[in-house]
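A look at the structure
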Amino acid sequence: MVALLKDSASHNNESTATKKEKFLRAVKTLVKIYYPNIRLDDFPSYKLVRDRVVHPIGILVSIVLSQNTSDKNAGIALQRLKERIGNYLDPNKLKELSAEELEEIIKPSGMQRQKSRTIINILREFGGDPDALMVEDPVRLRERLLRIEGVGPKTADVFLLFVRGYPTFPMDTHIRRFLERMGIGRRNEPYEKLQERVLQLLPRDPKFLLAAHLAIIIHGREICKARNPLCRKCVINSFCPYHKRNKAQEPKR
Ligand code: SF4
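Residues numbered from 1 in each chain as written. Predicted model: local features only at pLDDT ≥ 70, side-chain atom pairs only at ≥ 80, totals over all residues.

1. Description of the overall build of the chain
- Looking only at helices and strands, the chain has 14 helices and 0 strands in total.
- In the chain, the order of α-helices and β-strands from amino to carboxyl end is α-α-α-α-α-α-α-α-α-α-α-α-α-α.
- Once the C-alpha set of the chain is aligned to its principal axes, its extents read approximately 70 × 45 × 30 Å.
- Burial status across the chain gives 37% buried among its 253 residues.
- Residue pairs at least 24 apart in sequence account for 64% of intrachain contacts in the chain once pairs closer than 6 positions are excluded. (Helix = DSSP H or I, 4+ residues; strand = E, 2+ residues; numbered from the N terminus. Buried ≥ 20, exposed ≤ 12 C-beta atoms within 10 Å, placed from the backbone. Contact = placed C-beta atoms within 7 Å.)

Printed below as a string of C-alpha cells:
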C-alpha cells in the first residue's frame, strides 16, 4: 500500500513537472515567434510606454480606454485625446476637461460614460500626487489602484508590468482562453487564483512576462481564436491538451 502511494505520488510529481515543462516550452515558443515581430500599433498602451513621451497617468488612461474594446478603437480614442490635450497627456490638461467633453472625445472606445468616470476617479486619486504611480511600492500601488472605481486587476497589472516593470501577469480573455485550453486554468476561475498559478509556472522575469503576455494575446487573436481555433496550424499543438482531445474532429484548414 505504502509502495502504491509512493508510486502514485511520484507519478503525480512527474505529471506536474511534465505539465509545467510543456507549458513553459509552449510559452517560450510563442515568445520566440511573436515577440520580435510585434506591431506596436496593435498595443496602444505598450506603444506609449515604448515611446516614453507620455505622463504615467496618461498611460493609465490609455489602459482604461482599452477595456472591453478592440485595440483599434482604443487607439482611435487615444489619438483623439492626444489631439485635444497634447501628446504628453498631461494630467493638468486632463483635469480641465468636463466629464461630458471627455465622454465625447473617448467615444470610439465604447462605454465612454463609465470610462470617463473612471478617468476622473484616477485623477482624483493621483492627480495631486502623480509621482506616486512611479515611486510607490508596487504592492501598495496595486491596492490603491484597485480601490479606484472602474479599475480592475487587469488594468492595475498592465500598468505595473508595462510601466513599473513589476513581475506580474495581466490576463485578458485571450490569455484566459489559452490557459484553459492548455489545461492550466478553468473557465471563470477567480483572476488572482489563476494568476498566482501562472506566476508559479513562468520565470519571475518582468521582461519575459511582458513578452509572454503580448505573445499569447497575438496567438489568441490569430490562431487560438475563441471559435474554431486553428490547431492544425498551431506551432505548439504538440504541447496542447485541447488539441490532443479534439484533433479527430478538427477541420483540415
Ligand atoms: S493547439 Fe489549438 S487550442 Fe492549443 S494552443 Fe494551439 S490553437 Fe490553441
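2. So, the environment of leucine 199
- With respect to the helices, strands and loops of the structure, leucine 199 is situated in helix H12 (residues 191–201).
- Among the residues examined, leucine 199 registers 14 C-beta atoms within 10 Å and is labelled partly exposed.
- Between the alpha carbons of leucine 199 and leucine 210 there is a distance of 12 Å; along the sequence they are 11 residues apart.
- Here leucine 199 is in contact with Phe169 and Arg204, once residues within four sequence places are set aside.

3. A closer look at the site of the ligand
- All residues in the neighbourhood of the ligand are listed as Arg181, Ile223, Cys224, Pro229, Leu230, Cys231, Cys234, Ile236, Asn237, Cys240, Tyr242 and His243.
- Of the residues in the shell around the ligand, the class split is 9 nonpolar, 2 polar and 1 charged. (Near = placed C-beta within 6 Å. Nonpolar A, V, L, I, M, F, W, Y, C, P; charged D, E, K, R; others polar.)

4. Considerations on unusual backbone geometry
- The backbone of asparagine 68 sits at a positive phi, close to 50°, despite the residue not being glycine.
- Mapped onto the elements, asparagine 68 comes out in the loop between helix H3 (56–65) and helix H4 (71–85).
- A positive phi angle, near 50°, is found at leucine 89, a position not held by glycine.

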